[in-house]
Amino acid sequence: MGLYLVWFLLIGCLAGYITGRLTKGSGFGVVGDLVIGILGSFFGGFLFRLLGIEAYSLIGQLIMAVVGAIVLLKLIGFIRNKGV
């Protein structure tokens, strides 16, 4: 369980870094991007499971986390712009 958590956090941080690079101008700084990446890992896992997709490899989990982080950033931007 402990090793799984470490890998999850590392993948989330890497996903946050990649997402920050892919979405220039909408990042939240280094620490914010890492937090978005970790939250995006949860969100991406949830979204992909809804679609019936599982990621077993490290690359698959990273892609899932990056997609989740990008979708999460878009949702945050939408909420910010609408004033909700």
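Since this is a predicted model, take the numbers as computed values, not measurements. Numbering of residues starts from 1 in each chain and follows the order in which that chain's sequence is written. The predicted nature of this model means local features are confined to residues of pLDDT at least 70 and side-chain atom pairs, given and counted, to a pLDDT of 80 or more, with totals for whole chains, interfaces and linings taken over all residues. Here the side-chain values reflect all heavy atoms present in the structure, with hydrogen atoms and water set aside.

Engineer: Can you help me understand the overall build of the protein chain in this one?
Structural biologist: When helices and strands are counted, the protein chain shows three helices and zero strands. By definition, any uninterrupted DSSP run of H or I lasting at least four residues is a helix, any uninterrupted run of E lasting at least two residues is a strand, and each is numbered from the N terminus. Listing the helices and strands of the protein chain from first to last along the sequence gives α-α-α. Values of the radius of gyration come from C-alpha atoms, whereas the globule rule sets the reference at 2.2 Å times the count of residues to the power 0.38. For 84 residues, the compact-globule estimate of 2.2 N^0.38 gives 12 Å, and the protein chain sits close to it at 13 Å. Expressed along its principal axes, the backbone C-alpha trace of the protein chain runs to roughly 40 × 30 × 20 Å. For the protein chain, the residues scored as buried account for 31% of the 84 residues in total. The Shrake-Rupley method, run with a 1.4 Å probe, gives the accessible areas here. Residue values count only the displayed protein chains as cover. Accessible surface, the protein chain: about 5800 Å² in total, of which carbon and sulfur atoms supply 74%. Summary of the burial criterion: residues with accessible area below 20% of their type's maximum are buried, those above 50% are exposed, and those between are partly exposed, where the area comes from a 1.4 Å probe applied to protein chains only.

Engineer: What exactly am I supposed to notice about the pattern of salt bridges here?
Structural biologist: Pairs can form between side chains of opposite charge whenever their charged atoms are close. Whenever Lys or Arg places a side-chain nitrogen within 4 Å of a carboxyl oxygen from Asp or Glu, that contact is recorded as a salt bridge. Scanning the entire structure with this criterion turns up one salt bridge. A salt bridge links Glu-54 to Arg-49; its shortest N-O distance comes to 3.9 Å. Owing to a relative accessible area of 45%, Glu-54 belongs among the partly exposed residues under this scheme.

Engineer: What is the right way to look at helix 3 (residues 58-82) in this model?
Structural biologist: Given 3.6 residues per helical turn, the α-helix brings residues three or four places apart onto the same face. To estimate the expected span of a helix, count its residues, drop one, and scale the result by 1.5 Å. Between its terminal C-alpha atoms helix 3 stretches 36 Å, which fits the 36 Å expected from 25 residues at 1.5 Å a residue. Those residues of helix 3 that fall on the buried side of the exposure criterion are Leu-62, Met-64, Ala-65, Val-66, Gly-68, Ala-69, Leu-72 and Leu-73. We call two residues in contact when some of their heavy atoms are within 4.5 Å. Looking at the buried side of helix 3, the elements it contacts are helix 1 (2-22) and helix 2 (29-50).

Engineer: How do you make sense of the nonpolar core when you look at a structure like this?
Structural biologist: Nonpolar side chains in soluble globular proteins tend to be buried together. The nonpolar core is taken to be a set of buried Ala, Val, Leu, Ile, Met, Phe, Trp, Tyr and Cys residues, with the residues joined through side-chain atoms within 4.5 Å. Membership of the largest hydrophobic core is limited to five residues, which are Ile-11, Ala-15, Leu-62, Ala-65 and Val-66. Contributions of two or more residues to this core are made by helix 1 and helix 3. The element that contributes the greatest number of residues to this core is helix 3, accounting for three residues. With near-sequence residues (within four places) excluded, Ala-15 lies in contact with Gly-37, Leu-62, Ala-65 and Val-66.

Engineer: I tried to follow a nonpolar patch on the surface on my own but got confused; where do I start?
Structural biologist: A contiguous nonpolar surface patch, about 510 Å² in accessible area, is contributed by Leu-3, Val-6, Trp-7, Leu-10 and Leu-58. The leading source of residues in the nonpolar patch is helix 1, at four residues. Among the structural elements, Trp-7 can be located in helix 1. Residue class for Trp-7 comes out partly exposed when judged on its relative accessible area of 45%. The residues that make up patches have over 30% relative accessible area and no salt bridge, and they are joined within 9 Å when like-charged or within 5 Å when they are Val, Leu, Ile, Met, Phe, Trp or Tyr.

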